[in-house]
Amino acid sequence: MMTTIESCGLRYVLASPAAISPPADFTDAHARQALSFHSTLPGYRPTSLVDLHQLASRWNIGNILVKNESSRFGLSAFKVLGGSYSVARMLCRRMGIEWEPVDFGTLKKELVRRQIGPLTLATATDGNHGRSVAWMAEQLGLDAVIYMPKGTVRSRVENIRRHGARVEVTDFNYDETVRLVWELANKNGWQVIQDTAWEGYTEIPLWVMQGYTTMSAEAIEQMAAVGMCPTHVFVQAGVGAFAAAMVANMANVFSESPPRFIVVEPTQAACMLASARAGDGRPRGVTGNLDTIMAGLACGEPSPLAWDILRKWCCCFIGCEDFVAANGMRILANPMGEDVAVEAGESGAVGIGLLDRLANHPDCSMLKKELELDSESTVLVFNTEGATDPVNYRDVVWYGKYNG
Ligand SMILES: Cc1ncc(COP(=O)(O)O)c(C=O)c1O
């Protein structure tokens, strides 16, 4: 059953995660392999885990932890973890190299030695994934063509062009753009590096998801270092690959006592929520313009690989209006007391925006209770991007745009 809390800009479905064994492709060992590859990339540093101590005390929540991806490889988003890892694995497969021992330096040398090329990588993107593919192509001297949906803001296009990729903005929404790239790639012999899966195309999206687990591996290590374990994890979803990767890896690592996993989406593109609402285990798409400020989450069709994990492990699916994300951006930009400021873009801030509603709005008290969110809880959220649309960032944080 779907419940709407109009005053808070939320709608949600509660689910009962089935108690089953954790997803096999996302063990600690898989995450260590991804982390070990990423640590050989130029500029690798773990991103910070920010403890918003004073905010937690103000909101009467035990701990609020933010894994802050706004500075990952200087690219303003976590996505490069998936793009780089999947491209590396794809190239090893093409060259017939065993995966285990490969580091970035070897990969680069082998590409030259075996005279691979010319090779063009192609993808569809709301922004961050395309930038990651373009960046990896640039690092390896490959070509990249990147297609973006209608309405894409200029800064996101320029951020990708800066890495030498050809960028085309289409007249289509995200999901239609994915299909267009697939057709063009088949005609032109391009290698598609897509973060969503479909029938017959699952290997690369799985590698993308495994690449993301560097982030959960780092976060788990950072929490362990201060003796913390999450009781609640908020994961935002576009096609669901990021959310499912975090959930799957943490379900493995915390298998004895898994945290509550809560999926967060923009109301206008809430395909996981629609799928949970249908209640028969099958993924559901939503169509239309998918018009939201959370550009990274503006995807109408779930990745079946991701949905299959989320449906089994998540206890709640929540759709949020844009102002919830905008509030999150303002809250993170204006810390309390000794807490540090976090630069969070629209898709990155929605988790904190939602936590604010749950912690502070009387109309959310039932849902808060259902989720057992209280002064004993340790909540982990992911700030998945920085100010990737700087104009909107200022409009929101300085001038109070999207104030619900
Ligand atoms: C900043 C940001 N956060 C979250 C997501 C969601 O990732 P996924 O599409 O894997 O659900 C994206 C996707 O592009 C993104 O750019």
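The rules we used
Residues numbered from 1 in each chain as written. Predicted model: local features only at pLDDT ≥ 70, side-chain atom pairs only at ≥ 80, totals over all residues. Heavy atoms only, no water. Helix = DSSP H or I, 4+ residues; strand = E, 2+ residues; numbered from the N terminus. Rg over C-alpha atoms; globule rule 2.2 N^0.38 Å. Buried < 20%, exposed > 50% of the residue type's maximum accessible area, 1.4 Å probe, protein only. Contact = heavy atoms within 4.5 Å. Areas by Shrake-Rupley, 256 points an atom, 1.4 Å probe, with all protein chains shown as cover. Lys, Arg positive; Asp, Glu negative; His and termini not counted. Charge placed at Lys NZ, Arg CZ, Asp CG, Glu CD. Near = heavy atom within 4 Å. Polar contact = N/O pair within 3.5 Å; in protein donor to acceptor, adjacent residues only side chain to side chain. 1 Å grid on protein atoms, 1.4 Å probe; cavity = no way out; pocket = protein on both sides within 12 Å on 5 of 7 lines; lining within 4 Å. Sits in = over half its atoms within 2 Å of the grid points. Nonpolar A, V, L, I, M, F, W, Y, C, P; charged D, E, K, R; others polar. Pairing = 2+ DSSP bridges. Points joined across faces, edges and corners; volume = space filled by probe spheres on them. Domains from an automatic or database assignment. Axes fitted to C-alpha atoms, helices over the stretch in contact; angles between N-to-C directions. Disulfide = S-S within 2.5 Å.

Caption draft 1: Quick look at the overall build of the chain. The helix and strand inventory of the chain stands at 15 helices and 12 strands. Relative to its length of 404 residues, the chain is compact, with a C-alpha radius of gyration of 20 Å against a globular reference of 22 Å. Taken along the three principal axes of its C-alpha coordinates, the chain extends 65 × 45 × 45 Å. Across the 404 residues of the chain, 60% fall into the buried class. For the chain, long-range pairs separated by at least 24 residues make up 74% of all intrachain contacts whose partners lie at least 6 apart in sequence. For the chain, the accessible surface area stands at approximately 16000 Å², while carbon and sulfur atoms represent 47% of it. Here the chain holds 35 positive side-chain charges and 44 negative ones, and the gap between their average locations is 4 Å.

Caption draft 2: Quick look at the site of the ligand. Near the ligand you find 14 residues, and of these Asn-128, Gly-238, Gly-240, Phe-242 and Thr-384 are the closest. Contact between the ligand and Asn-128: an oxygen atom at 2.7 Å from a side-chain N or O atom of the residue. The cavity where the ligand resides is the largest cavity. Residues of the shell around the ligand, tallied by class, amount to six nonpolar, six polar and two charged.

Caption draft 3: Summary view of the sheet that holds strand 8 (residues 191–192). Taken in spatial order, the four strands of this open sheet run 7-6-5-8, and their pairing is parallel. Only two strands of the sheet have a single partner each, and these edge strands are strand 7 (166–169) and strand 8. Of the pairings in the sheet, the one linking strand 5 (residues 120–124) to strand 6 (residues 143–148) comprises five bridges and is parallel in character. Looking at the pairing, Ala-124 lines up with Tyr-147 of strand 6.

Caption draft 4: Layout of the side chain of Thr-378. Tracing the chain through its elements places Thr-378 in strand 12 (residues 378–383). What makes Thr-378 buried here is its relative accessible area of 6%. If we skip the residues at most four places from it in the chain, Thr-378 touches Asn-63, Leu-65, Met-228, Cys-229, Pro-230, Thr-231 and His-232.

Caption draft 5: Summary view of empty space enclosed by the protein. For the coordinates displayed, the defined rule picks out four cavities of 30 Å³ or more. When its volume is computed, the largest cavity comes out at roughly 290 Å³. Residue lining of the largest cavity: 26 residues in total, with Phe-78, Lys-79, Asp-195, Gly-296 and Leu-297 positioned closest to the centre. At the level of elements, helix 5 (128–140) and helix 9 (241–253) are the ones that each hand at least two residues to the lining of the largest cavity. Looking at the lining of the largest cavity element by element, the count peaks at three residues for helix 9. For the lining of the largest cavity, a count of residues per class yields 10 nonpolar, 11 polar and five charged. Of the residues that make up the lining of the largest cavity, three or more belong to each of domain 1 (2–78 + 205–397) and domain 2 (80–201). Taken together, Leu-52, Leu-55, Ile-331, Leu-332, Asn-334, Pro-335, Met-336, Asp-339 and Val-340 make up the lining of the second largest cavity. Here the residues of the lining of the second largest cavity sort into seven nonpolar, one polar and one charged.

Caption draft 6: Region of the structure containing helix 10 (residues 271–278). Looking at helix 10, one finds that the buried residues are Cys-271, Met-272, Leu-273, Ser-275 and Ala-276. On its buried face, helix 10 sits against strand 1 (2–5), strand 2 (10–14), strand 10 (260–266), helix 11 (304–313) and strand 11 (314–320). Gly-279 lies just past helix 10 and shows a positive phi near 75 degrees.

Caption draft 7: Structural context of the packing of helix 4 (residues 104–113) against helix 5. For the pair helix 4 and helix 5, interaxial distance at closest approach is 10 Å and the crossing angle is 65 degrees. Each of Phe-104, Leu-107, Lys-108 and Leu-111 in helix 4 lies in contact with helix 5, whose residues at this interface are Met-136, Gln-139 and Leu-140. Looking at the contact of helix 4 with helix 5, its residues break down into five nonpolar, one polar and one charged.

Caption draft 8: Inspection of the pairing of strand 1 at higher detail. Taken together, the four bridges between strand 1 and strand 2 define a ladder with antiparallel strand orientation. Following the sheet pairing, Thr-4 is matched in strand 2 by Arg-11. Between strand 1 and strand 2, which pair antiparallel in sequence order, lie four residues; one of them, Gly-9, sits at a positive phi of approximately 65 degrees.

Caption draft 9: Structural context of the state of the cysteines. As enumerated under the stated definition, the model contains zero disulfides in all. With no disulfide of its own, Cys-229 lies 16 Å from the sulfur of Cys-315, the closest cysteine sulfur. In this structure Cys-320 is a free cysteine whose sulfur lies 9.4 Å from that of Cys-364, the closest cysteine sulfur available.

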